[in-house]
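Tertiary structure, described
Listed here are the chains, written in short residue letters.
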Amino acid sequence: QVQLVESGGGLAQPGSSVGMSCVGSGNIQNIRNMGWYREKPGQDREWLATITRPGVQKYSQSLRDRISINRDNDRNAVYLQLHSLQSEDTALYYCYASVLTTNSDAYKEFWGRGIQVTVSS
């Protein structure tokens, strides 16, 4: 089995920064792409960033100037930092990973359960 566990996030002041982590565990042979989405109440899930295994980063154009994604392949982890926070950044943030499980021949997509970020003064 595979699980992705997010940590970090939480309550943050406008103009500050927030970081979050996502660590994979279980029967993991390899992880290809990893990334982050966020979801606001009543809205579709919004793509934020993706990072390939070699470390190539892609970002949503609307957040490109204040977002950063990184990963640690040895830890099966992906990280996200969001800067210059605004109230509009309040959302539930989800990590995802394309995982080749042990004794498997195909990659499958796994998701974390989500972590709350609330921007408020």
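This text gives an overview of the structure that appears in the document. Just so we're clear, the structure is a prediction, and the values are computed from it rather than from any experiment.

Describing the state of the cysteines
Tallied over the full model, the rule gives one disulfide. Residue pairing for C22: its cysteine sulfur links by disulfide to C95, the two sulfurs lying 2.0 Å apart. Its S-S torsion of approximately 50° makes the covalent link between C22 and C95 right-handed. Placement of the pair is C22 in strand β3 (residues 18-26) and C95 in strand β9 (residues 91-101), with a sequence separation of 73 residues. There is no split in this pair, since C22 and C95 are both buried.

Some remarks on the environment of S7
Position of S7 among the secondary structure elements: in strand β1 (residues 2-8). The class for S7 is partly exposed, based on a relative accessible area of 38%. For the pair S7 and G19, spaced 12 residues apart in sequence, the C-alpha separation works out to 8.7 Å. The contact partners of S7, leaving out residues within four places of it in the chain, are G19, M20, S21 and I115.

Quick word on the sheet that holds β3
If you walk across this open sheet you meet the four strands as β1-β3-β8-β7, and the pairing is antiparallel. Edge positions in the sheet fall to β1 and β7 (67-72), since each has one partner strand and no second. Pairs of neighbouring strands in the sheet enclose a mean axial angle of 15°, with direction left out of account. For β7 and strand β8 (residues 77-82), the ladder comprises six bridges, and the chain directions are antiparallel. From the neighbouring strand, D72 faces β8, where its bridge partner is A77.

What to know about the nonpolar core
The biggest cluster of nonpolar side chains holds 29 residues, and the ones touching the most others in it are M20, W36, I69, V78, L80 and Y93. Among the secondary structure elements, those contributing two or more residues to this core are β1, β3, β4 (28-39), β5 (46-51), β7, β8, β9 and β11 (115-119). The dominant element in this core, judged by the number of residues it contributes, is β9, at five residues. The residues touching M20, leaving out its near neighbours within four places in the chain, are S7, G8, G9, W36, V78, Y79, L80, Y93, I115 and V117.

Some details on unusual backbone geometry
The phi angle at S84 is positive, at roughly 50°, despite the residue not being glycine. Relative to the assigned elements, S84 resides in the loop between β8 and β9. Although it is not a glycine, N103 sits at a positive phi angle of roughly 65°.

A look at the side chain of R71
Its location among the elements puts R71 in strand β7. Of the side chains with opposite charge, D72 comes closest to the buried, unpaired R71, at an N-O distance of 8.0 Å. Reaching out from R71, the side chain makes a polar contact with the backbone oxygen of I51 at a distance of 3.1 Å. A distance of 3.1 Å separates a polar side-chain atom of R71 from the backbone oxygen of T52. Discounting residues that sit within four places of it in the chain, R71 has contacts with I31, R32, N33, M34, I51, T52, R53, A77, V78 and Y79.

Describing the pairing of β5
Note that β4 and β5 share five bridges and pair antiparallel. For W36, the partnering residue across the bridge sits in β5 and is A49. Adjacent in sequence and paired antiparallel, β4 and β5 are bridged by six residues, among which G42 carries a positive phi angle near 75°. Pairing of β5 with strand β6 (residues 57-59), which is carried by three bridges, proceeds in the antiparallel orientation. Residue T50 lies in a different strand from β6, and its bridge partner there is K58. Adjacent in sequence and paired antiparallel, β5 and β6 are bridged by five residues, among which G55 carries a positive phi angle near 105°.

What counts, and at which threshold
Residues numbered from 1 in each chain as written. Predicted model: local features only at pLDDT ≥ 70, side-chain atom pairs only at ≥ 80, totals over all residues. Heavy atoms only, no water. Disulfide = S-S within 2.5 Å. Helix = DSSP H or I, 4+ residues; strand = E, 2+ residues; numbered from the N terminus. Buried < 20%, exposed > 50% of the residue type's maximum accessible area, 1.4 Å probe, protein only. Contact = heavy atoms within 4.5 Å. Pairing = 2+ DSSP bridges. Axes fitted to C-alpha atoms, helices over the stretch in contact; angles between N-to-C directions. Core = buried A, V, L, I, M, F, W, Y, C linked by side-chain atoms within 4.5 Å. Lys, Arg positive; Asp, Glu negative; His and termini not counted. Salt bridge = Lys/Arg side-chain N within 4 Å of Asp/Glu carboxyl O. Polar contact = N/O pair within 3.5 Å; in protein donor to acceptor, adjacent residues only side chain to side chain.

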